[in-house]
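# Descriptive analysis of the structure
Now for the letters of each chain:
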Amino acid sequence: MDMTTRHLISDAANAFLAAPKRMLIGADWVDAADGAQLDVRNPATGEVFAQVPAGKAADVDRAVRAARAAFEEGPWPAMSPVQRERLLLALADKVEANAQELAELESLDNGKSVMLARHVDMAMAVDFLRYMAGWATKIEGATHDVSVPFIPQAKFFAWTRREPVGVVGAIIPWNFPLLMAAWKIGPALAAGCTVVLKPAEETPLTALRLGQLILEAGIPPGVVNIVTGLGETAGAALASHPGVAKIAFTGSTAVGKLVQRAAIENMTRVSLELGGKSPVIVLDDADPAQAAVGAAQAIFFNQGQVCTAGSRLYVQKKLFDKVVSELASIANAMKLGPGLDPASELGPLVSEVQRDRVCSYIDSGVGQGAKVASGGGRSGEKGYFVKPTVLVDVRQDMRVVQEEIFGPVVVALPYDDIDEAVRLANDTPYGLGASIWSNDLARVHRMIPRIKAGTVWVNCHSMLDASLPFGGFKQSGIGREMGRAALDMFTETKSVMMAV
Ligand code: NAD
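Throughout what follows, the structure given in this document is the object of discussion. Every value quoted in this text rests on a predicted model; they were computed, and no experiment measured them. (Residues numbered from 1 in each chain as written. Predicted model: local features only at pLDDT ≥ 70, side-chain atom pairs only at ≥ 80, totals over all residues. Heavy atoms only, no water.)

## Quick look at the overall build of the protein
The criterion, for reference: Numbered from the N terminus, helices here are DSSP runs of H or I no shorter than four residues, and strands are runs of E no shorter than two. Exposure classes here rest on a 1.4 Å probe applied to the protein chains alone. A residue is buried below 20% of its type maximum, exposed above 50%, and partly exposed in between. Should any heavy atoms of two residues lie within 4.5 Å, those residues are considered in contact. Per-residue and other accessible areas follow the Shrake-Rupley method at a 1.4 Å probe size, with only the shown protein chains counted as cover for residues. By the counting scheme adopted, Arg and Lys are positive, Glu and Asp are negative, and His together with the chain ends is not counted. Charged side chains are reduced to one point each, which is NZ for Lys, CZ for Arg, CG for Asp and CD for Glu.
Secondary structure assignment for the protein yields 18 helices and 22 strands. C-alpha atoms of the protein, sized along the principal axes, occupy 70 × 65 × 40 Å. In the protein, which comprises 500 residues, the share counted as buried stands at 57%. Nonlocal contacts in the protein, meaning residues at least 24 apart in sequence, comprise 72% of its contacts between residues at least 6 apart. Carbon and sulfur atoms make up 55% of the accessible area of the protein, which totals about 19900 Å². With 48 positive and 54 negative side-chain charges, the protein shows a separation of 3 Å between the mean positions of the two kinds.

## Some details on the sheet that holds strand E12 (residues 278-282)
Rules: Two strands are said to pair when DSSP picks up at least two bridges between them. For every element, the axis is a line fit to its C-alpha atoms; helices are fit only across the contacting stretch, and the angle between N-to-C directions ranges from 0 to 180 degrees.
Reading across from one edge, E14-E15-E16-E13-E12-E18-E19 is the order of the seven strands in this open sheet, with mixed pairing throughout. Looking at strand neighbours, the two that pair on one side only are strand E14 (371-374) and strand E19 (455-458), the edges of this open sheet. If you compare each strand with its neighbour and ignore which way they point, the axes differ by 25 degrees on average. In this structure, strand E18 (residues 433-437) lies alongside E19, joined through four bridges in parallel fashion. Along E19, the bridge assignment pairs Ser435 with Trp457.

## Structural notes on a nonpolar patch on the surface
Which entries qualify depends on this criterion: Residues enter patches when they are more than 30% accessible in relative terms and free of salt bridges; like-charged ones are connected within 9 Å and nonpolar ones (Val, Leu, Ile, Met, Phe, Trp, Tyr) within 5 Å. Definition used for salt bridges: Asp or Glu carboxyl oxygen within 4 Å of a side-chain nitrogen of Lys or Arg.
Residues Phe157, Met498 and Val500 make up a contiguous nonpolar surface patch of roughly 300 Å² in combined accessible area. Looking at where Phe157 falls in the secondary structure, it is placed in strand E6 (residues 156-164).

## Describing unusual backbone geometry
Phi at Asn302 is positive, roughly 60 degrees, even though this residue is not glycine. Relative to the elements of secondary structure, Asn302 occurs in the loop between helix H12 (288-300) and strand E13 (310-316). Non-glycine residue Asp393 carries a positive phi angle of around 55 degrees. Mapping Asp393 onto the fold places it in the loop between strand E15 (389-392) and helix H15 (399-402).

## Overview of the pattern of salt bridges
Oppositely charged side chains can form a pair if their charged atoms are brought close together. Tallying each qualifying case throughout the model produces 27 salt bridges. For Arg22, the salt bridge is made with Asp31, and the minimal N-O distance between the two is 3.2 Å. Arg22 sits in the partly exposed class, given a relative accessible area of 31%. As a salt-bridge pair, Glu101 and Arg209 come within 2.7 Å of each other at their nearest N and O atoms. Taken together, the residues Glu101 in helix H6 (residues 99-110) and Arg209 in helix H9 (residues 205-216) connect sequence positions 108 residues apart. The class for Glu101 is buried, based on a relative accessible area of 6%. The class for Arg209 is buried, based on a relative accessible area of 9%. The network of salt bridges with shared partners includes Asp284, Asp285, Asp440 and Arg443.

## Considering the packing of helix H8 (residues 177-191) against H9
Threshold: When an angle is under 35 degrees it counts as roughly parallel; over 145 it counts as roughly antiparallel; between 65 and 115 it counts as roughly perpendicular; any other value is oblique. If you view the pair so one helix is near and one far, a crossing is left-handed when the near helix is turned anticlockwise from the far one by less than a right angle, and right-handed when it is turned clockwise.
Here H8 crosses H9 at 45 degrees, and the two axes come no closer than 9 Å. The pairing of H8 with H9 is recorded here as oblique in orientation. Taken as a pair, H8 and H9 cross one another with a handedness that is right-handed. In contact with Pro177, Leu178, Ala181 and Ile185 of H8, H9 contributes Thr206, Leu210 and Ile214.

## With respect to the packing of helix H5 (residues 81-97) against helix H7 (residues 114-135)
How two helices pack is summed up by the angle between their axes together with the distance between the axes. The cut-off we apply is this: Side-chain classes are defined by residue name, with Ala, Val, Leu, Ile, Met, Phe, Trp, Tyr, Cys and Pro counting as nonpolar, Asp, Glu, Lys and Arg as charged, and the others, Gly among them, as polar.
Packing of H5 against H7 brings their axes to within 8 Å, and their N-to-C directions diverge by 170 degrees. Between H5 and H7, the interaxial angle falls into the category roughly antiparallel. Here H5 contributes Glu85, Leu88, Leu89, Leu91, Ala92, Asp93, Val95 and Glu96 to the contact with H7, which in turn contributes Val126, Leu129, Arg130, Met132, Ala133 and Gly134. Its residues placed into classes, the contact of H5 with H7 shows nine nonpolar, one polar and four charged.

## What about the environment of Pro177?
You can see Pro177 is positioned in helix H8. On a C-alpha basis, the gap between Pro177 and Cys193 in space is 21 Å, while along the polypeptide they are 16 residues apart. Every residue in contact with Pro177, bar those within four places of it in the chain, is listed here: Glu106, Ile172, Thr203 and Thr206.

## Quick look at the side chain of Asn98
Structurally, the position occupied by Asn98 is in the loop between H5 and H6. In this view, Asn98 contacts Arg209 and Leu213; residues no more than four positions away in its chain are not counted.

## Quick word on the packing of aromatic side chains
Heads up, the rule is: Working definition: a ring pair exists when centres of Phe, Tyr or Trp rings (six-membered ring for Trp) sit within 6.5 Å. Plane angles under 30 degrees give stacked, over 60 give edge-to-face, the rest tilted.
According to the stated counting rule, one finds six aromatic pairs in the structure shown. Ring geometry for Tyr131 versus Trp135: centroids 6.4 Å apart, planes at 75 degrees, classification edge-to-face. Taken together, the positions of Tyr131 and Trp135, both in helix H7 and four residues apart, correspond to about one turn of that helix. Geometrically, the ring pair formed by Phe176 and Phe301 is tilted, given 6.0 Å between the ring centres and 35 degrees between the ring planes. With Phe176 in the loop between strand E7 (167-171) and H8 and Phe301 in the loop between H12 and E13, this residue pair connects regions lying 125 residues apart in the sequence.

## Quick look at the sheet that holds E6
With respect to topology, three strands assemble into an open sheet ordered E5-E6-E22, the strand pairing being antiparallel. Here the strands that pair on one side only, and so sit at the sheet edges, are strand E5 (143-144) and strand E22 (491-499). One ladder, built from nine bridges, connects E6 with E22; its direction is antiparallel. Of the residues in E22, the one forming a bridge with Trp159 is Val496.

## Notes on the site of the ligand
Stated formally: Throughout this document, a residue counts as near a molecule or strand when at least one of its heavy atoms sits within 4 Å of that molecule or strand. What qualifies as a polar contact is a pair of N or O atoms within 3.5 Å, subject to a donor-acceptor requirement within protein and to the restriction that residues adjacent in sequence count only when both atoms come from side chains.
Contacts to the ligand come from 27 residues, most closely from Ile172, Lys198, Glu201, Ser252 and Glu404. Contact distances for the ligand include 2.5 Å between an oxygen atom and a side-chain N or O atom of Glu201. In this structure, an oxygen atom belonging to the ligand sits 3.3 Å away from a main-chain N or O atom of Gly231. If the ligand stood free it would expose 850 Å²; the protein chains cover 90% of that surface. Those elements that place two or more of their residues in the shell around the ligand are helix H10 (231-239), strand E10 (246-250) and helix H11 (253-264). Residue composition of the shell around the ligand, grouped by class: 16 nonpolar, seven polar and four charged.

So, to be careful, I would describe these as geometric facts and stop short of saying anything about function.
This is the structure in structure tokens:
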């Protein structure tokens, strides 16, 4: 790592980067069984600044065995709910106490702004772990008065228990690396499960630092195991491992389908948080300037690498030109730069592959007749920067309107009336989020039930809270994370019937 970057980060982050990176299996920090390593690149420069083990099937197998031992024989199942709650709270405290270091590592690894990493990713991870810690003591069953028709004179006492599902394989993406790890580990541990976590190959660093904090917090070895490696090797081995009871996956819809196929053989439980193409719908009573600011935040936050990114902007005809020209001015004024520079408003994309993928979508849109209202391609020679881009003159059937681009690119389309807005908003294979911008309560209330999406925001976008279930309709996924609903996915219901 160059000297300038070294000076921009804390001593703690420098110390973590200077030490060799190893995977956490049981109580041991280990290399991959075959000794292979993966390069980790700084997206702002393209330079390799760290290496992590390239775990494969043999490493995943070892990690699953460690997690099974901790689940079946180790201290975890024997602990009381309140002890699990305290350990999760201790972990939240550790993340909070090390938030600056974690944010710097996230910024270097992913490209995102260190300020946002601190105040969004780390703050949400801490909140989420604390919220989930509270559920450890609130998992409950029910008693049932039963009537068995063929022996009416008999008496029974019946009840249900919720029991941890077992070893959870958690596979996560690169856009919010530490936060996604917390989304999986929090409910899994609260429910009494043990975990094998596979971070994305592009962004493995904060997961490894989290592993250290997990042990420091007093969570017993083997309860959380962390295997770094490629998706097609380590990820695929985890998804198909017979010792894994449940896969909690966040990532693209294409890989989510592979994961679900792999899980079928062992009837592994699967929850999938997948891609999106979320609409931002501006009604004609909205303030155009406010709507443009909202639309800009909806698409450009985290460089557009957000599953709920507002990547389709539908504006009622009367306001279309005004909103789009305001949005284009905001985009044109954004300062691109490395995440470690406090002045930069838009960082690089995570990788060269992602930058080229996003640019090829822009080219495909332009090739099909779209016009560029702002941006339009990569920026600079070094690093993976893409200019914030607004495309107009697009048609609903174009790839740029139908497919998830996962970058700072928004398509803007006008509509005539609410029926048309709802039809266009629902017209993609995805259904993760949507936002409506209006103060006309009656129209908004009538629209909400018609939008096929797991979350609808009104006059805001991509706002999440630990207590509110989050997940997708249609090809955006299966199951809900966050809120009480998250616990359902990490527990099995056992019915008990006792003759009395
Ligand atoms: P990805 O699907 O390429 O990778 C996600 C994870 O799956 C990574 O850890 C990867 O190594 C692993 N993987 C890849 N191939 C695999 C295989 N064959 N078997 C098992 N695991 C495999 O996704 P990405 O590019 O890292 O992330 C971006 C995607 O994630 C976007 O589509 C985005 O919308 C989605 N996402 C969804 C949510 C949500 O909550 N719905 C949140 C964040 C990101």
